[in-house]
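Inside the fold
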Amino acid sequence: MLLLMQMMLKCADISNVLKPFAVAKDWAVCITDEFFAQGDMELSRGLDVTPMCDRRTQSRVGSQKGFIDFVVAPFVKCLGRLIPGLEPLVERLAYNRRLWGEFEGGDEALLAQIREVRKARAEAWAA
């Protein structure tokens, strides 16, 4: 039972890619902003830059595809077999991965989309 509880906590920790794609994209930018800030700090201190935190070599879109393929998908598929009621998460993940694979315009397009969403959200909140 403890292992199952730990797996559910891990699922919550990595759940950003399991949310509706519009939300997942926003979280992807938040997370990569944090990673890239860490890489910038490492670089400024003369340290080796953690590979996934290096904005010079990583793309936001590519990092999401890799995160899904190598971390989230194997974990969520296993969890879905243990708890059949979680099958919708497996389906959502496959759908989101397909959308990341079809995403055009790379990081610049992603950042532009998120800027527009955040601007509209701020305007709605201010109204």
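Below or above, wherever it landed, is the structure these notes cover. Values in this document were obtained by computation on a predicted structure and should not be read as measured data.

The rules behind each value
Residues numbered from 1 in each chain as written. Predicted model: local features only at pLDDT ≥ 70, side-chain atom pairs only at ≥ 80, totals over all residues. Heavy atoms only, no water. Disulfide = S-S within 2.5 Å. Axes fitted to C-alpha atoms, helices over the stretch in contact; angles between N-to-C directions. Helix = DSSP H or I, 4+ residues; strand = E, 2+ residues; numbered from the N terminus. Left-handed = near helix turned anticlockwise from the far one by under 90°. Contact = heavy atoms within 4.5 Å. Nonpolar A, V, L, I, M, F, W, Y, C, P; charged D, E, K, R; others polar. Buried < 20%, exposed > 50% of the residue type's maximum accessible area, 1.4 Å probe, protein only.

What follows deals with the state of the cysteines. With the rule as written, the count across this model stands at zero disulfides. Cysteine cysteine 53 remains unbridged, with the sulfur of cysteine 30 as its closest cysteine sulfur at 15 Å. Unpaired in terms of disulfides, cysteine 78 finds its nearest cysteine sulfur in cysteine 11, a separation of 11 Å.

What follows covers the packing of helix α2 (residues 21-44) against helix α4 (residues 87-102). Between two packed helices, what matters for the description is the angle formed by their axes and the separation of those axes. Here α2 crosses α4 at 65°, and the two axes come no closer than 10 Å. For the element pair α2 and α4, the recorded crossing hand is right-handed. Residue-level inspection shows Phe21, Ala24, Lys25 and Ala28 of α2 in contact with α4, the latter providing Arg92, Asn96, Leu99 and Trp100. Taken together, the residues that form the contact of α2 with α4 break down as five nonpolar, one polar and two charged.

Checked against the element boundaries, alanine 126 lands in helix α5 (residues 106-126). Overall, alanine 126 belongs to the exposed group, its relative accessible area being 67%. Each C-alpha atom, one on alanine 126 and one on lysine 25, is 23 Å from the other, the two residues being 101 residues apart in sequence.

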